[in-house]
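# Observations on the model geometry
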Amino acid sequence: MDPDNNHLDVSQILEKLKNLESRVNRIERRFHIENSVNNKSNIESEDETNEVGFKIDEYWFANIGIILMVFCIAFILAMSFHSIPQILPALFGLTVASSAYFLSNRWQKSFPSISRVLAITSIVLLYFSTLRLFHFNENPALTGKILETVLLLIVSTAGIALSIRIKNSFLAGLSITLILLTALLNGNSYIIFLFTFAGSILFVISYLKFNLQYSILYGIFAVYFTHFIWAINNPIFGNKITIIGEPRLNLIFIIFYNIVFLIGIHLNRSSDFRSASTIAANILNTLGCFFLFQFVGLISYKNEMLVFDLILFAVFFFVAIILFRNKKDKYSIAAYSLTGYMAMSIALIVSTNVPLVYNFLIWQSIFVLCTAIWFQSKNIVVANFGIFITIFFAFFLTANSFGIISISFGIVALISARVLSWQKDKLTIKTEFIRNSYLVIAFISIPYTLLKSLPPNYIGISWLSATLLYYLMSIWLKNTKYAWMANSTLIASVIYIFFVGFPSLNTTFNLINIFSLILVLIVSSIAFIKINNKKKLWET
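Throughout what follows, the structure given in this document is the object of discussion. (Residues numbered from 1 in each chain as written. Predicted model: local features only at pLDDT ≥ 70, side-chain atom pairs only at ≥ 80, totals over all residues. Heavy atoms only, no water.)

### Examining the overall build of the protein
Along its length, the protein carries 19 helices and zero strands. For the protein, the accessible area works out to roughly 30000 Å², and carbon and sulfur atoms hold 68% of it. (Helix = DSSP H or I, 4+ residues; strand = E, 2+ residues; numbered from the N terminus. Areas by Shrake-Rupley, 256 points an atom, 1.4 Å probe, with all protein chains shown as cover.)

### A few points about the environment of L267
Here L267 lies in helix α9 (residues 250-267). Through-space distance from the C-alpha of L267 to that of L208 is 7.7 Å; in sequence the pair is 59 residues apart.

### Regarding the pattern of salt bridges
Throughout the structure, instances matching the rule amount to two salt bridges. Notably, a salt bridge pairs E246 with R248, separated by 2.5 Å at the nearest N-O pair. Accessibility expressed as a relative area gives 43% for E246, which makes it partly exposed. In this structure, R248 engages E304 in a salt bridge whose closest nitrogen and oxygen atoms are separated by 2.8 Å. Pair noted here: R248 is in the loop between α8 (213-231) and α9 and E304 is in the loop between α10 (276-300) and α11 (305-325), with a separation of 56 residues, a long-range link. What makes R248 partly exposed here is its relative accessible area of 30%. Exposure remark for E304: the relative accessible area of 35% places this residue in the partly exposed category. (Salt bridge = Lys/Arg side-chain N within 4 Å of Asp/Glu carboxyl O. Buried < 20%, exposed > 50% of the residue type's maximum accessible area, 1.4 Å probe, protein only.)

### Observations concerning empty space enclosed by the protein
This structure, assessed with the given rule, holds one cavity of 30 Å³ or more. Estimated volume of the largest cavity: approximately 60 Å³. Taken together, A417, R418, S421, R435, L439, N479, K481 and Y482 make up the lining of the largest cavity. The greatest single-element share of the lining of the largest cavity, amounting to three residues, is contributed by helix α15 (residues 404-422). Here the residues of the lining of the largest cavity sort into three nonpolar, two polar and three charged. (1 Å grid on protein atoms, 1.4 Å probe; cavity = no way out; pocket = protein on both sides within 12 Å on 5 of 7 lines; lining within 4 Å. Points joined across faces, edges and corners; volume = space filled by probe spheres on them. Nonpolar A, V, L, I, M, F, W, Y, C, P; charged D, E, K, R; others polar.)

### Looking at the packing of α10 against α11
At a minimum axis separation of 11 Å, α10 and α11 run at an interaxial angle of 170°. The angle between α10 and α11 places the two elements in the roughly antiparallel class. Contacts between α10 and α11 involve T286, C289, F290, F293, Q294, G297 and L298 on the former and, on the latter, M305, F308, D309, L312 and F316. Class assignment for the residues of the contact of α10 with α11 results in eight nonpolar, three polar and one charged. (Axes fitted to C-alpha atoms, helices over the stretch in contact; angles between N-to-C directions. Parallel < 35°, antiparallel > 145°, perpendicular 65-115°, else oblique. Contact = heavy atoms within 4.5 Å.)

### Side note on the packing of aromatic side chains
We describe a pair of aromatic rings using the distance from one ring centre to the other and the angle between the two ring planes. Applying the stated criterion across every chain, the model contains 35 aromatic pairs. For the pair F392 and F396, a centre-to-centre distance of 4.7 Å together with 45° between the ring planes defines the contact as tilted. Residue F392 and its partner F396 are located together in helix α14 (residues 378-398), separated by four residues, close to a single helical turn. Residues F392 and F396 agree in their burial class; the two are buried. A network of ring pairs unites the aromatic residues Y358, F385, F388, F392, F393, F395, F396, F409, Y438 and Y448 as a single cluster. (Phe/Tyr/Trp six-rings, centres within 6.5 Å; stacked < 30°, edge-to-face > 60°.)

### Details of the side chain of S200
Structurally, S200 can be placed in helix α7 (residues 189-210). Side-chain polar atoms of S200 contact the backbone oxygen of F197, separated by 2.5 Å. (Polar contact = N/O pair within 3.5 Å; in protein donor to acceptor, adjacent residues only side chain to side chain.)

### Considering a nonpolar patch on the surface
On the surface, a cluster of nonpolar side chains totalling about 620 Å² of accessible area is made up of L181, Y218, F221, F225, I236, F237 and L284. Broken down by element, the residue count for the nonpolar patch peaks at three residues, all from α8. Tracing the chain through its elements places I236 in the loop between α8 and α9. (Patch = residues over 30% accessible without salt bridge, like charges linked within 9 Å, V, L, I, M, F, W, Y side chains within 5 Å.)

### So, the packing of helix α16 (residues 432-453) against helix α17 (residues 456-477)
Two elements in contact, α16 and α17, have axes whose closest approach is 9 Å; the angle formed by their N-to-C orientations is 155°. Classed by the angle they form, the pair α16 and α17 counts as roughly antiparallel. Viewed along their axes, α16 and α17 form a crossing whose handedness is right-handed. On α17, the residues that touch A442, F443, I446, P447, L450 and L451 of α16 are I459, S462, W463 and Y470. (Left-handed = near helix turned anticlockwise from the far one by under 90°.)

### Observations regarding the environment of F291
Tracing the sequence through the fold places F291 in helix α10. When its relative accessible area of 51% is taken as the criterion, F291 is described as exposed. Taking the C-alpha atoms as reference points, F291 and Y224, 67 residues apart in sequence, are found 9.9 Å from one another.

Below you can see the structure in the form of structure tokens.
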């Protein structure tokens, strides 16, 4: 017998397997046996359900038990125990913390989830036990702010080191929070500023190492909240709430926090700067810095906020330029630039009296609009327009007199409309509505200001001058909107001259008004005839 016949080729093997599968299917149908393939999804679903149940039993129950144990031990450590030496409760806590750390190392491979919770528990109990040496009794085991601060700082630093070893971001954030708590326990202003500044750096390092977006959001909140607690006299530890403004250097530290977080957010190459979490971090960082800065400064030393707010404006505007140059997200650019503009506005408000401050604020809007077009930010354009409208109504509803300030609204509105029309291609939104609104404001404010501020003899002539100006702008800019403004102002001028001026003015001023009206009509007619002739010639 030929030995080669003992070996089957691949096609023969497949054929035999196919025949075998056919026989098995016939047997299953004959005895009504369900196909195992059809039951696969049901079995997998049952396995997944069991797996979820096992995970709850294995992880959640143990973790909840450990957390409850921590609360119980913390409660015990907080008790006074007058009848025993005060070092014993602290030693008890240290013993439990050491045991938790030992079990964490022992179960690191066999029970990794429980091991992580025990590691966090060991640091918390170690910190609380150290705290027990100095507090919770009239005669504590140890005294001295410096010693307490050093020991608590060592425990917090140990927590950071342990978080790096076991790669646990939660423990890292908790340990940095304990550093901030240590600073508040110390109470010295400069210690709080330095520790909080160091905490901001550590939060950024943790964010870059673990790449968790929530960590930077929590870090921003924790740092600014710590400074806020200092500013209201640290009421967490029983002090009466009052605003602390000294030392003034605290405002500079608030800016330092902002810069540290800004650098950290944009150093994270693995995170998309256009993502919602990155934008949220930038906005939270900006608003946290701005509102805390104003809260402390305006209450404590309002008269000196001109310099401080101009510094804040310079920093934020410079940051906005850097973000724009590096093509960062438009929302962060808008957040920094708008808060910078608000800082400038507050500087003007605290240093200038009403109503003169309105004049500075409306001319500031020109600067804001120009930089918004440079940044190509529709958000800044819309926000600037909203603020301009608010200032416009605030002034005209409260003003007792009209003059250079009120007419400035019309001039600024005309300039703003022209700038938007000139640079409309650089913006991603249609600015037609905003431009028309600016023109409406100019159309209303200029004649109204002239009516309220000039003697009756000169109102008709001044309105005719405004009409002539609008006609010239329409011809020069080739824009019919100014022609409509001129026509409307001309109609108002005619009504005023014939129905108000004639009965009340003397003959000389009535004649001047009529001749001025005739001159405006003739000039406007000649101008429009030339425009129409040129238009027809161009069409031909």
